[in-house]
Structures are given as structure tokens and as C-alpha cells.
Amino acid sequence: MPTLDSRGSRRIMAAIPSLAARGAPMPDYDKPLPELNQFTKSYWEAAKRHQLAIAKCSACGRLNHPPKPVCRFCQSDKLAPQVVSGKGTIYSYTVTHYPYHPGFVKNGPYPVVLVELEEDPRVRIVSNLVDYKPEQLKVGEPVEVVFDDVTPEVTLPKFRPRAAAAARGER
Ligand SMILES: [Zn+2]
């Protein structure tokens, strides 16, 4: 079967102009996407700018994640996004072998990590670990956020071992 050159790809996109025009998920991304609401919007919009932004309470100064209508510590609704470093450590993890969605069939097994943020260990983010060696999938491993632009509209924050970046001389 012939492979598509760039002209071929353009022809396919031209055949589905409504999809391209709406900025809908690209047809080749077949996993579920987050749904934005008034509380989670700032988190996903920051991710699109390649920033990790956590809701910070201006009444008590604490970070809240996942985003909620009111602060989980003092119930104030004075929450605003605060850009954080994206550095943290693996607090816990699991390895998913069974695909719970058809889009993940070709990915398994893959790790799901709970990352404790450097700014506040009470803030833990569920995400994926990427660009890692098997021995780096462990509790306490220092990690940092990376951004995966999965569609033109949605970027997913994921994490990789900080050692991976250092090994490539990125810092
Ligand atoms: Zn508060």
C-alpha cells in the first residue's frame, strides 16, 4: 500500500474541511479528551501555553488540585491560577495493562503516576510518565512536566524523569 506524502495528507484534510475548520480533534487521536468547565478551564488553557497552573487560594494561600469551586482548606471562592515550576516527585504509581478505552489498546502496558508537586506536597497530579527507563518508575523519582499537544485544541501535561533531560544535556 502506498504511503501518503504531504500532498496526500493535504488532500485528506481538504476532504474533511469541516473538521479542520472547527479545530476538532485530529482524526488520528483516538483517546478521550478532557472536558473543560468553568473551574478546570484555566488549568487546560495554561497547559495549551505549556504552563502548569494550579488554583491558588488568595484567602489562605494554599494550592488546590484538582480545581474545585471553593478552596478545600478554607472554603473561600477566591481561587486564581498560579503558574508552578512543574517539578515534583512520584508519590505513587500503577501500571495499566488492561485498556479501559479502545484508544489505549496499542499503548499498554503504560504507567499512570501520581506526582507530588515541589511547591506543595499536598498537591498531587494524576498523569502519565513518558521518556523513562524502567528503573525510574519508582516512588520518589524526581520528575518534571512536559507538554503533549495531542490535538490543535488540547495539550496534556505529562511527566518525565528529570534525569532524562539532564542526560541529554538539556540543562
Ligand atoms: Zn483557602
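Residues numbered from 1 in each chain as written. Predicted model: local features only at pLDDT ≥ 70, side-chain atom pairs only at ≥ 80, totals over all residues. Heavy atoms only, no water.

**With respect to the sheet that holds strand 1 (residues 52–57)**
Read across the sheet, 3 strands follow the order 2-1-3 without closing on themselves; strand pairing throughout is antiparallel. A strand with exactly one partner marks an edge of an open sheet, and here the two such strands are strand 2 (63–64) and strand 3 (79–84). Sheet topology places strand 1 next to strand 2; 2 bridges connect them, and they run antiparallel. Following the sheet pairing, Ala55 is matched in strand 2 by Asn64. (Pairing = 2+ DSSP bridges. Helix = DSSP H or I, 4+ residues; strand = E, 2+ residues; numbered from the N terminus.)

**Let's talk about the nonpolar core**
Formed by 18 residues in total, the largest nonpolar core has its most connected members in Leu52, Ile54, Leu117, Ile125, Leu129 and Phe159. For this core, the elements supplying multiple residues, two or more each, are helix 3 (41–48), strand 1, strand 5 (110–117) and strand 7 (142–149). Discounting chain neighbours no more than four positions away, the residues touching Leu52 are Tyr43, Gln82, Val83, Val84, Gly86, Leu117, Ile125, Val145, Phe147, Pro157 and Phe159. (Core = buried A, V, L, I, M, F, W, Y, C linked by side-chain atoms within 4.5 Å. Buried < 20%, exposed > 50% of the residue type's maximum accessible area, 1.4 Å probe, protein only. Contact = heavy atoms within 4.5 Å.)

**As for the pairing of strand 8 (residues 155–161)**
Taking burial as the measure, the 7 residues of strand 8 include 7 buried ones, the bulk of the element. Here strand 8 shows two buried faces, one formed by Thr155, Pro157, Phe159 and Pro161 and the other by Leu156, Lys158 and Arg160. Pairing analysis gives 7 bridges linking strand 7 to strand 8, with the strands arranged antiparallel. Bridged to Asp149 within strand 8 is Thr155. Following strand 7, the chain reverses through 5 residues before pairing antiparallel with strand 8.

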